Amino acid sequence: MGYQLGDFRLDIVSDGTFRLDGGAMFGVVPRVLWERVYPPDEKNRIRLGLNALLVRTPEANVLVDTGIGTKWSERELDMYGIAHETTAVDSLGELGLTVDDIDVVICTHLHFDHAGGNTRHDSAGEAVATFPRARYIVQKGELETARHPHERERASYMPENWEPLVASGQLETVDGAVDVMRGIRVFPVRGHNDWTQLVEVESRGDRAVYFADIIPTTRHLRPAWVMGYDLYPVELLERKKELLSRAVAEKWVCVFEHDHETPMALIREDGGKLSAESVAHA
């Protein structure tokens, strides 16, 4: 099941689901409001998707983010409510692909729930590249931040998710908005942190945008509904307005990384209210 975007094929590659505190996911929004659209469990956690995006072009197979990965202890699996209903590798297998078929991995940023699947443990328990043939791409500023994180972000960064890729020569850094290849462009958006990069895919005039943590779920379409995890919430609010305005006007196919129910949608506006319309898969 996928979506045809011009000459490109888009598929959601699921790494399963996990759970985070609902209050943290909606920041200053009162629980009485957000729980109406996202009911929490008994621990006040909400279920979130781990949606990577596979882009198949005539030139390459590109994977955007890699999910939370499998390098977790039993205690951590319970703490984060990680439920590998599937894994990114298994999801690729369902599409007829193996880890050797991925040519490029684009890392929106290096937080553990986005880059955890970059590496896996080998038989000796060492972290090695999950995708041995791929070049991995991240913003230069994000790598620097990950290596010297602010205390508010420190718990989100785990060096085993990227340092083995530096050692193997697979990790490449870019600076600012860059065309990764024909039809695939990355551009940083400050708000969630300093260097999260979104991914724009364009073919034959059709456009898709992978929002990462800038708009993590369709429940975050309201500009003021930003996360407690966001370092620059006021700046993020303004950037969301700009991005969503374009998404509506230009009919973007929008990919929501943490929405386990509606991972890919068109954004509609009616009377000033935004809604997500799940795109038909074919």
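Given the structure is predicted, the values throughout are model-derived calculations rather than measurements.

Enquirer: So what's going on with the overall build of the protein? Residues and values would help.
Expert: When you go through the protein residue by residue, the secondary structure sums to eight helices and 16 strands. By the compact-globule yardstick of 19 Å for 282 residues, the protein fits well, its C-alpha radius of gyration being 18 Å. If one aligns the C-alpha atoms of the protein with their principal axes, the spans along those axes are about 55 × 45 × 35 Å. Across the 282 residues in the protein, those meeting the buried criterion constitute 54%. Taking contacts inside the protein between residues at least 6 apart in sequence as the whole, the part at least 24 apart equals 68%. Entry remark: accessible area of the protein is about 12100 Å², with carbon and sulfur atoms responsible for 49%. Within the protein, the 46 negative side-chain charges are centred at a point lying 4 Å from the centre of the 31 positive side-chain charges.

Enquirer: Outline the sheet that holds strand β5 (residues 104-106), supporting the account with residue identities and numerical values.
Expert: Across the sheet, which stays open at both edges, the seven strands sit in the order β1-β2-β3-β4-β5-β8-β9 with mixed pairing between neighbours. Strands with a single pairing partner mark the edges of an open sheet, and in this sheet they are β1 (3-5) and β9 (171-174). Direction aside, neighbouring strands of the sheet carry axes that sit 30° apart on average. Alignment of strand β8 (residues 135-139) against β9, held across four bridges, turns out to be parallel. Note on β9: the bridge partner recorded for Val 138 is Thr 173. Running over the sheet, helix α6 (residues 140-147) touches β8 and β9 and is turned about 85° from β8.

Enquirer: Just give me the short version of the packing of aromatic side chains, but keep the residues and values in it.
Expert: Applying the stated criterion across every chain yields a total of nine aromatic pairs. Arranged with centres 5.0 Å apart and planes meeting at 50°, the rings of Tyr 80 and Phe 112 form a pair that is tilted. Taken together, the residues span a long stretch of sequence, with Tyr 80 in the loop between α3 (74-79) and α4 (88-94) and Phe 112 in helix α5 (residues 112-115) at a distance of 32 residues. Centroid distance Tyr 157 to Trp 162: 6.1 Å. Interplanar angle 85°. Geometry classified as edge-to-face. By relative accessible area, which is 1% here, Trp 162 ends up buried. One aromatic cluster in this structure is built from Phe 26, Trp 34, Tyr 38 and Trp 225. Its end group placed over the ring of Tyr 38, Arg 219 keeps NZ or CZ at 4.1 Å from the ring centre.

Enquirer: Tell me about the nonpolar core, and please be specific about residues and values.
Expert: Leu 53, Ile 184, Leu 198, Val 201 and Phe 211 are the most contacted members of the largest nonpolar core, which totals 45 residues. One finds Leu 63, Ala 88, Leu 110 and Trp 162 within the second-largest nonpolar core, a separate group that totals 23 residues.

Enquirer: Lay out the pattern of salt bridges in plain terms, naming residues and giving numbers.
Expert: Enumeration according to the criterion identifies 21 salt bridges in this entry. Of the charged contacts, one joins Arg 239 and Glu 242 as a salt bridge, the two residues approaching to 3.1 Å between their closest N and O atoms. Placement of both Arg 239 and Glu 242 in helix α8 (residues 233-249) is noted, with a separation of three residues, approximately one turn of the helix. In this structure, Glu 277 engages Arg 268 in a salt bridge whose closest nitrogen and oxygen atoms are separated by 3.1 Å.

Enquirer: If you had to explain α6 to someone new, which residues and values would you point to?
Expert: Listed as buried for α6 are Gly 141, Glu 142, Leu 143, Thr 145 and Ala 146. On its buried side, α6 packs onto β8 and β9.

Enquirer: Outline the pairing of strand β4 (residues 61-64), supporting the account with residue identities and numerical values.
Expert: Sheet faces and side chains relate simply in a regular strand, where the side chains alternate between the two faces. Residues Asn 61 and Leu 63 point to one face of β4 and Val 62 and Val 64 to the other, with burial holding for every one of them. Judged from the four bridges that link them, strand β3 (residues 45-56) and β4 form a sheet pairing that is antiparallel. Bridge pairing in β4 places Arg 56 opposite Asn 61. Between β3 and β4, which pair antiparallel and follow one another directly, the connecting turn spans four residues.

Cut-offs and rules
- Residues numbered from 1 in each chain as written.
- Predicted model: local features only at pLDDT ≥ 70, side-chain atom pairs only at ≥ 80, totals over all residues.
- Heavy atoms only, no water.
- Helix = DSSP H or I, 4+ residues; strand = E, 2+ residues; numbered from the N terminus.
- Rg over C-alpha atoms; globule rule 2.2 N^0.38 Å.
- Buried < 20%, exposed > 50% of the residue type's maximum accessible area, 1.4 Å probe, protein only.
- Contact = heavy atoms within 4.5 Å.
- Areas by Shrake-Rupley, 256 points an atom, 1.4 Å probe, with all protein chains shown as cover.
- Lys, Arg positive; Asp, Glu negative; His and termini not counted.
- Charge placed at Lys NZ, Arg CZ, Asp CG, Glu CD.
- Pairing = 2+ DSSP bridges.
- Axes fitted to C-alpha atoms, helices over the stretch in contact; angles between N-to-C directions.
- Phe/Tyr/Trp six-rings, centres within 6.5 Å; stacked < 30°, edge-to-face > 60°.
- Lys NZ or Arg CZ within 6 Å of the ring centre and 35° of its normal.
- Core = buried A, V, L, I, M, F, W, Y, C linked by side-chain atoms within 4.5 Å.
- Salt bridge = Lys/Arg side-chain N within 4 Å of Asp/Glu carboxyl O.

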